[in-house]
Amino acid sequence: ADSSGSADRGPKGELEYWRNRMQRLTSITEQLKRKDCKNVFALLSTLTKASPEMAKQKTNLLLRRWKQIDVNITEAANEAKDNVKYLFTLERFIEPLYSGTASTIIDTLPALMNSIKMIHTIARYYNTKARMTNLFSKITDQMISNCKQCIESGKDKDSLWEKDPQELVRQLESCLKLNEAYQEQYRLTKRKLKQMPKGKQFDFEEHHIFGKFDLFCRRVIKLIDMFSTIEQFTSLSQNKLEGMEDLIDGFHKIKKEFRSKSHDLLDYHNNKFDRDYVEFNVKINNLEGGLQQFINMSFENITSIEHSLNLLHKFQTILQRESLKSDLDSKLNIIFQNYGMELEQVQQLYEKQKHEPPIPRNLPPVAGNITWSRHLLKRIEEPMKQFESNQNVLAGKDAKRIIKMYNKVARTLVAFEYLWYQAWVQSIDQAKTGLQATLIIRHPEDNKLYVNFDHEILQLIREAKCLDRMGIEIPESAKIALFQEEKFKGFYNELHWALTEYDRVVTEVIPVTAMVLRPHFNDMEYKLRPGMITLTWTSMNIDQYISHVHSGLRKLEELVSNINDIIENRIEKNLKIVSKTLLVDLPEHSSFTVSEFVDMQQNHIKIQSRLLQGKNTEIEHAVDDLIKKIEIYHLDSHVESVSDDEIGKLRKHYNHFMYQALLHCAKNSMNSLKKRIGSRLGTNFLYVTRPFFEVNVQLMPPKVSLSPSLDEIQECINQSAQAILSCFKTVVDWGYFDMPEELRASHTFFEKITKDIEIVRVALLLTGCIQGIRNTVSEYLGSFGKYDWLWKDDKDAAYKEFCALEPTLEDYEVKLKSFGDIEAEVDKVHSIHIIGALSL
C-alpha cells in the first residue's frame, strides 16, 4: 500500500496512514470472527456435501476464494499492526520536526536515526528499501517545511524583507547546519551498520533522501549572501558616514528593484530567482567599487591614528564581502607609518609639558599628573595593541625603528608616573600631622572661633580616592585616612555648623540684653573649650563633644529667642502703643460748647488712663518675666552668674523707656490740642476741619459781646491741660503696684512728667493760646460799631430832629432809601464767622 496520498507529507502522515489501516483491517477481522459469518460459512460447507456435482464445484470455488481473502486480510492486518508498533517508536523523536527549531531538531537526530536503524533491522514488513527511502524522504520534506516555517514566522513570503537581516542570516545558517547534521548522522549510522556485514545495511538512494534538502540549502546560501550584503549596506547607512549618501541611495534602489519582482525567496524550484540573483550581484559589485573609493578617501582625510584605527575597525565590522576585506588589511600598513610620526609628536609634547602638565578639572596635583602621563601612554599604547595582533605590519620596513621609539616613550611615561607616586607616598606622614591639631581655634585678629581642620588632610584623602579609582595601590597609612573620610567631613561640617549657629545667635542678641547674657555666652564658650585645648581629630570622644555643644547651642538659642520675643512683642510693642496714645478726643468734623468740651475730655482721659495703667503693668511684668528667664537658665558651676547690678540696669533701662513713652504720650496729646485750637484767621466757614468752639455773638446794648467769653474758653482749655497731666497720677511707678494705696499715690509718673521742660513749655503755650485771637475777635466785634446808632440813639428824638428840618417828599424818599440800604447791608453779614478755633 502507498501512503503518498495522505494529507500530511511528513512522517506523521506515514504514522497516521498505518494507524488508520490497522483500525480498518482489525475491524474487518473482527467482523469475520462474528457468529453470523461463521454460520454462513458452515452452512455453505454443509450444502456443498449435499449438492449435485455441478453446484458443488461452484460452491467449493467460492469457499476457496473466501479462505484466500480471509488469509490476505489477516496477513495485511498483521503487517499494519507490526508497522504501527515500530513506527510509533519514532513519534516522540519526530515531534521536534513540527514544533521545534533547527537546533532542537539537531539534538534529537541521533535518537531518531537510532530508532530508524532499529526499524530497518528488526521490523518484519517495513524494512524494505522502498518503504525506508519513503520514510527518509518524508522526514526530509518535514525538515524543509520546518525551516521555512521558522524563517517566515508564519507570515507571508514578503515578510523576509521586513525582518532584521542579522537575525534572518542566523536563521538561514541554522538551516545549513541542520542539513549538515542530518546527513552526518545518516552516514555515521551507515558506517556503524557496515561494521556488522551480516546485518541489514543502509543501501538506499541518497539523492532521493537528501536531494531536495541540498537544493533548498543552495537557495539558502544565496539568500545568506544577499541578506549579508543588505546587512552590510544597512549598517553603513546607520553609521551615517559623511559622503556615503549616493552609495546608500544606489543600494536602496537595487534592493527595491529586486524586491519588486515578488519572488518567493524560499521556493527553491523557482529558476527566475536565480537569474535575478546573478543580476543583483553584478549591480552590487559595481556599487562596491564606489564603496572602495570612498574607503580610500576616508583614510586619506583622517590624521588621528586612533580615529583611523576606529574607522578601520568599523569598516571591518560592517564589511562582509571578501573583496572589501582584503583591501582593508592594506590600510593597516599605512596607519602604522603614521603611527611612527604620532610617537614623535607625543615625545615632543611630553618634553614640553612635563614640568607643568595640563591637569583635568577637579583632580588633585598627583592624580592630575599621573592622569596626564597615562593619557599620553594610552594614546600610543592602544594603537600598538592592535598592531601587535597583525604580524605582517610588524614585519614591514621601519617597524623596528617605530617599536624602539615606542618602548622608549612608554618607559619614560611609566617612570614619570612612578616618580610622582613615590613623592606622594613620602608626603603622607607629613600631611597626617594635621590630625594632631585641636578641633577649634580662635583667630587672633577678629577673635572669632573657626574649625581647625588642615586642608592638607582633605588633599591627601582626595589624592588617595582618585588614585584608588585609577587602580593604583594605596599605602596603608593613606587608606586609614581614606576610610575615615566620611567621619572627618562629618565632624568638620557639624563643628562648622555649630560655630556658624553660635555666631548667628550672638548677632541676634538685642544690645540692651548683651551684658545680662554675657554669663550665658561664657557658659557656651566653656562647653566649646575642650575642642580648643584637649580634643584633636584623632580623639575617640568627638561625637559626645559635638552632641554636648549642640545641646548647649539649642538651649542658648531658645533663651535668646524667648528674650527677643518678650522684648519685641510684650515690651516694645506696648511701649509704642503707650507712646501713640492720645489723651484728648478731638473730632475734626464736630464743634462743641465749652461745657460739652470739658465733659468729653474728662471722660476720654478716664478711659485712656486705665489703658496706660494696664500697659504699664504689662510692660513691668514682661520685664520681670525676662529677668526670670535669664536667672533660671542653668549655668556651669565654673561660670559666674548674672550680677544683680546688671539686672538692675536692665530694669532701670526699660523703666526709663516707659517714662519716655508716657512723656511722648503727654506731649503728643497737648500738642494735638494746641494744634486743634491754634489761631486761624479768616471768615470762610467751608473748612475741612470744623472750628472747635461754637460761640454766640450777642447784642447786649450798649455793646456787642461773646457768650461764652474768651476768658471762659481759655479756662476750659486750661482745665483740659490739667486733666491730661493729672492722668499720670494713676500710672504707678515700677515696684509700687502691690504697695498700699497711700504709698502708690506718692510713687507715680506724675512728678517726673510735670517736671519735664518740654511739658512745661507746651502747657504755657496752651494757657495763652486764645490770646493770639483776642485782637482779631475785638476787631470783628468793632465792625458792628457803625450800626450802634440803631440801638444807642432815641428814635423819637431823631424823628423830631428830621421833622424840624421841614423835609420835602423827596427828603422822605431819600431817608427811607438810606434805611433800606442799611437793612440790605446788614442782611449781607454772614451768620457764621470763623476766627481760629472759634465759630462766631
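Residues numbered from 1 in each chain as written. Predicted model: local features only at pLDDT ≥ 70, side-chain atom pairs only at ≥ 80, totals over all residues. Heavy atoms only, no water.

Trainee: I'm lost on the overall build of the chain in this one. Help?
Mentor: For the chain, the helix and strand inventory stands at 30 helices and 7 strands. Out of the 840 residues belonging to the chain, those deemed buried represent 42%. For the chain, restricting intrachain contacts to residue pairs at least 6 apart in sequence, the fraction spanning at least 24 positions comes to 76%. As displayed, the chain has an accessible area near 47800 Å², and 53% of this comes from carbon and sulfur atoms. (Helix = DSSP H or I, 4+ residues; strand = E, 2+ residues; numbered from the N terminus. Buried < 20%, exposed > 50% of the residue type's maximum accessible area, 1.4 Å probe, protein only. Contact = heavy atoms within 4.5 Å. Areas by Shrake-Rupley, 256 points an atom, 1.4 Å probe, with all protein chains shown as cover.)

Trainee: For this particular structure, what's the right way to read the side chain of His550?
Mentor: When you line up the elements, His550 lands in helix α20 (residues 542-580). When its relative accessible area of 17% is taken as the criterion, His550 is described as buried. Dropping the residues within four chain positions of it, His550 is found in contact with Glu494, Trp497 and Ala498.

Trainee: Which parts of the structure should I look at to understand a nonpolar patch on the surface?
Mentor: Together, Ile757, Val760 and Leu764 line one region of the surface with nonpolar side chains, adding up to about 300 Å² of accessible area. Tracing the chain through its elements places Ile757 in helix α26 (residues 757-767). (Patch = residues over 30% accessible without salt bridge, like charges linked within 9 Å, V, L, I, M, F, W, Y side chains within 5 Å. Salt bridge = Lys/Arg side-chain N within 4 Å of Asp/Glu carboxyl O.)

Trainee: Could you clarify how one ought to interpret the packing of aromatic side chains in this entry?
Mentor: Aromatic rings considered in pairs are described by the distance between their centres and by the relative angle of their planes. Here the structure, examined in full by the defined rule, presents 23 aromatic pairs. Judged by centre distance (5.9 Å) and plane angle (50°), the ring pair of Phe453 and Tyr492 falls under tilted. With Phe453 in the loop between β2 (449-451) and α16 (455-469) and Tyr492 in helix α18 (residues 485-508), the pair connects residues that are 39 residues apart, well separated along the chain. On the numbers, 6.1 Å between centres and 50° between planes, the contact of Tyr502 with Phe521 is tilted. (Phe/Tyr/Trp six-rings, centres within 6.5 Å; stacked < 30°, edge-to-face > 60°.)

Trainee: What exactly am I supposed to notice about the nonpolar core here?
Mentor: Side chains of a nonpolar character, in soluble globular proteins, are inclined to be buried together. Trp424, Ile571, Phe693 and Ile753 are the most contacted members of the largest nonpolar core, which totals 116 residues. Per-element tally for this core: the top contributor is α20, with 14 residues. When sequence neighbours within four positions are dropped, the list of residues in contact with Trp424 reads Val366, Leu460, Glu463, Ala464, Leu467, Ile474, Pro475 and Ala478. Counting residues in each nonpolar core, the second largest holds 69 residues, with Tyr86, Val169, Cys175 and Phe251 among its members. (Core = buried A, V, L, I, M, F, W, Y, C linked by side-chain atoms within 4.5 Å.)

Trainee: Looking at this model, I keep getting lost on the packing of helix α5 (residues 102-122) against helix α7 (residues 165-194). Mind explaining?
Mentor: Axes are the key here: two packed helices are described by the angle between their axes and the distance separating the axes. Taken N-terminus to C-terminus, the directions of α5 and α7 make an angle of 20°; their axes are 10 Å apart at the nearest point. Put simply, α5 runs roughly parallel to α7. Like other packed secondary-structure pairs, α5 and α7 cross with a definite hand, here right-handed. Residues Ala102, Ile105, Ile106, Leu109, Pro110, Met113 and Lys117 of α5 pack against Ser174, Lys177, Leu178, Ala181, Tyr182, Gln185, Tyr186, Thr189 and Leu193 of α7. (Axes fitted to C-alpha atoms, helices over the stretch in contact; angles between N-to-C directions. Parallel < 35°, antiparallel > 145°, perpendicular 65-115°, else oblique. Left-handed = near helix turned anticlockwise from the far one by under 90°.)

Trainee: Explain the side chain of Thr617 to me, please; I cannot follow it from the model alone.
Mentor: For Thr617, the position within the fold is in helix α21 (residues 594-632). At a separation of 2.9 Å, a polar atom in the side chain of Thr617 contacts the main-chain carbonyl oxygen of Gln613. (Polar contact = N/O pair within 3.5 Å; in protein donor to acceptor, adjacent residues only side chain to side chain.)

Trainee: So what exactly am I meant to see when it comes to the packing of helix α4 (residues 91-99) against helix α6 (residues 129-152) here?
Mentor: Between α4 and α6, the least distance of the axes is 7 Å, while the angle of their chain directions is 35°. Contacts between α4 and α6 involve Pro96, Leu97, Tyr98 and Ser99 on the former and, on the latter, Ile139, Gln142, Met143, Asn146 and Gln149. For the contact of α4 with α6, the per-class residue count stands at 5 nonpolar, 4 polar and no charged. (Nonpolar A, V, L, I, M, F, W, Y, C, P; charged D, E, K, R; others polar.)

Trainee: Which parts of the structure should I look at to understand the sheet that holds strand β7 (residues 838-839)?
Mentor: Through backbone hydrogen bonds, the strands of a sheet pair up, either in parallel or in antiparallel fashion. Strand order in this open sheet of 3 strands is β3-β7-β6, and the pairing throughout is mixed. Since the sheet does not close on itself, it has two edges, and those belong to β3 (693-694) and β6 (834-835), each with one partner. Relative to β7, β3 runs parallel, the two being bridged by 2 bridges. Residue pairing across strands places Phe693 opposite Leu838, the latter belonging to β7. (Pairing = 2+ DSSP bridges.)

Trainee: What is the right way to read the confidence of the model for the chain from this model?
Mentor: Reading predicted coordinates in detail is not appropriate for stretches of low pLDDT. Mean pLDDT over the chain stands at 80; residues scoring 70 or higher make up 87%. The weakest mean pLDDT in the chain belongs to helix α11 (residues 305-318) at 58; the strongest belongs to α20 at 91. With pLDDT under 50 throughout, residues 1-6 is counted as low confidence; its partners more than four residues away or in other chains account for 10 contacts. Across residues 681-687 the pLDDT falls below 50, and counting only partners more than four positions away or on other chains, this stretch makes 15 contacts in the model. (pLDDT = per-residue confidence, 0-100.)

Trainee: Help me out: how do you make sense of helix α29 (residues 795-804) in this one?
Mentor: Structurally, the α-helix is built with 3.6 residues per turn, so residues lying three or four positions apart point the same way. Of all 10 residues in α29, 1 are buried, a share of ten percent or less. Of the residues flanking the end of α29, it is Glu806, one or two places downstream, whose phi is positive at about 50°.

Trainee: Teacher, can you tell me more about the environment of Ile403 here?
Mentor: Within the element layout of this structure, Ile403 appears in helix α15 (residues 399-432). Owing to a relative accessible area of 28%, Ile403 belongs among the partly exposed residues under this scheme. Residues Ile403 and Met384 lie 19 residues apart in sequence; the distance between their C-alpha atoms is 8.8 Å.

Trainee: So what exactly am I meant to see when it comes to the pattern of salt bridges here?
Mentor: Note that side chains of opposite charge can pair when their charged atoms are close. According to the stated counting rule, one finds 30 salt bridges in the structure shown. Across the salt bridge formed by Asp274 and Arg219, the nearest N and O atoms sit 3.9 Å from each other. Of the two residues, Asp274 is situated in helix α10 (residues 271-301) and Arg219 in helix α8 (residues 206-239); the sequence distance between them amounts to 55 residues. When its relative accessible area of 22% is taken as the criterion, Asp274 is described as partly exposed. The exposure class of Arg219 is buried, given its relative accessible area of 3%. Of the charged contacts, one joins Glu417 and Arg374 as a salt bridge, the two residues approaching to 2.9 Å between their closest N and O atoms. Of this pair, Glu417 sits in helix α15 while Arg374 sits in helix α13 (residues 365-388), and the two are 43 residues apart along the sequence. Note on Arg374: relative accessible area 28%, which makes it partly exposed.

Trainee: How do you make sense of the environment of Pro691 when you look at a structure like this?
Mentor: Locating Pro691 in the fold gives a position in the loop between α22 (644-676) and β3. The exposure class of Pro691 is buried, given its relative accessible area of 7%. With 15 residues separating them in the primary sequence, Pro691 and Arg676 have C-alpha atoms 8.4 Å apart.

Trainee: Explanation requested: unusual backbone geometry in the structure shown.
Mentor: In most cases, non-glycine residues show a negative phi, while peptide bonds are predominantly trans. One non-glycine residue, Asn362, lies in the positive phi region at around 70°. Inspection of the secondary structure assignment puts Asn362 in the loop between α12 (322-353) and α13. The backbone of Glu806 shows a phi angle near 50°, a positive value even though the residue is not glycine. Among the structural elements, Glu806 can be located in the loop between α29 and α30 (809-827). Relative accessible area serves as the criterion here: at 68%, Glu806 is assigned to the exposed category.

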